[in-house]
Amino acid sequence: MKRFIYRLPELKLGEILAEEPAPLEVLKREDQEVIVATYTPLKDLKPIRVEEVSEDWQRWRESFGPVEVEEFVIMPPWKVPIFINPGMAFGTGLHPTTKLCIKLVREYLKEGESVLDVGTGSGILSIVAKKAGAGRVLGIDISEEAIRSCRENAELNCVSIECRLAGPSDVEESFDLIVANLELPIFRKELDNIIPLFKRRAIFSGLYRREELKEFLKMLEQRGMKADRILEDQDWFCVGVGDAGN
Ligand SMILES: C[S@@+](CC[C@H](N)C(=O)[O-])C[C@H]1O[C@@H](n2cnc3c(N)ncnc32)[C@H](O)[C@@H]1O
């Protein structure tokens, strides 16, 4: 893992924080300048140095979890807060299927790419994608409650996401990355409507136990695709189809 160090005018820092949601760590302030570190390079700026990060350093960083005191949540600046108003829509981030999708979004998404979130629920995966550097993000769901919740949560997180009441067959555009946290019976009905909507990579989640995983992998194979990542958490499986698996 690499760490990019920049020296910036103090005034530029505010501009960058507003434009780039990537977490920045302020290392030093001197006169009118700041030295900052980031783990993804900043657009159009040249770092003063690039460091290789050791595993110890990563472990040290990970040990600073959020601390909750009363209504306050205290966290280091490299964590990215996401606000979700718990409502009727699915997607608080507690469920293993959502967590697995978040991991693969981090792995698959490239800066500026477009994302379609099929079954957006609370909008959580759309918000994660946007905060992880996505360009255009569209979240669709067939539930009106979910679309209301997606819009409310997008606003809470100050991100621009389109939340649309629609199923996959209503979408006419295609996207670099698709994330679909649904269920096997929904994939049986909708997979053929979802596949034409992705250009590069797709994440399919919500498969419970090995039998469902096996059936889903077979469905992919019958359509000329194969998984290149399979993640598991508490018997829930998430399948990634990368550029190589398509
Ligand atoms: C398991 S939740 C996922 C919520 C959120 N994306 C997450 O990862 O936590 C599945 C969502 O898919 C929606 N859904 C079910 N069938 C759908 C379909 N055919 N097209 C679009 N959305 C659908 C449901 O309304 C629900 O909000």
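If you're wondering where the values come from, they're calculated on a predicted model, not measured in any experiment.

### Observations concerning the sheet that holds strand β3 (residues 33-38)
Next, step 1: Spatially, β2-β3-β1-β4 is the arrangement adopted by the four strands of the open sheet, whose pairing is antiparallel. Two strands in the sheet have a free side with no partner beyond their single neighbour: β2 (24-30) and β4 (49-52). In this sheet, neighbouring strand axes are inclined to one another by 25° on average, regardless of whether the strands run parallel or antiparallel.
Next, step 2: Relative to β4, strand β1 (residues 2-9) runs antiparallel, the two sharing four bridges. What sits directly across from isoleucine 5, in β4, is arginine 49.

### A closer look at the nonpolar core
Next, step 1: The biggest cluster of nonpolar side chains holds 27 residues, and the ones touching the most others in it are Ile178, Phe187, Phe204 and Phe216.
Next, step 2: Secondary-structure elements contributing two or more residues to this core are β7 (115-118), β8 (137-141), β10 (175-181), α6 (184-194), β11 (198-208), α7 (209-222) and β13 (236-241).
Next, step 3: Residues in contact with phenylalanine 216, not counting those within four places in the same chain, are Leu184, Phe187, Leu191, Phe204, Leu207 and Val239.

### So, the sheet that holds β11
Next, step 1: Spatially, seven strands are ordered β9-β8-β7-β10-β11-β13-β12 in an open sheet, and the strand pairing comes out mixed. At either margin of the open sheet sits one strand with a lone partner, and together these are β9 (162-165) and β12 (229-233). Within this sheet the neighbouring strands show an average axis-to-axis angle of 15°, counted without direction.
Next, step 2: Strand direction decides the pairing type here: β7 and β8, joined by four bridges, are parallel.

### Side note on the site of the ligand
Next, step 1: Around the ligand lies a shell of 18 residues, among which Thr98, Gly119, Asp141, Asn181 and Glu190 are the nearest.
Next, step 2: Contact between the ligand and aspartate 141: an oxygen atom at 2.7 Å from a side-chain N or O atom of the residue.
Next, step 3: Coverage of the ligand by the protein amounts to 87% of the 600 Å² it exposes when considered alone.
Next, step 4: Breaking the shell around the ligand down by element, the ones donating at least two residues are α4 (124-131) and α6.
Next, step 5: Of the residues belonging to the shell around the ligand, the class tally is eight nonpolar, eight polar and two charged.

Quick notes on the rules
- Residues numbered from 1 in each chain as written.
- Predicted model: local features only at pLDDT ≥ 70, side-chain atom pairs only at ≥ 80, totals over all residues.
- Heavy atoms only, no water.
- Pairing = 2+ DSSP bridges.
- Helix = DSSP H or I, 4+ residues; strand = E, 2+ residues; numbered from the N terminus.
- Axes fitted to C-alpha atoms, helices over the stretch in contact; angles between N-to-C directions.
- Core = buried A, V, L, I, M, F, W, Y, C linked by side-chain atoms within 4.5 Å.
- Buried < 20%, exposed > 50% of the residue type's maximum accessible area, 1.4 Å probe, protein only.
- Contact = heavy atoms within 4.5 Å.
- Near = heavy atom within 4 Å.
- Polar contact = N/O pair within 3.5 Å; in protein donor to acceptor, adjacent residues only side chain to side chain.
- Areas by Shrake-Rupley, 256 points an atom, 1.4 Å probe, with all protein chains shown as cover.
- Nonpolar A, V, L, I, M, F, W, Y, C, P; charged D, E, K, R; others polar.

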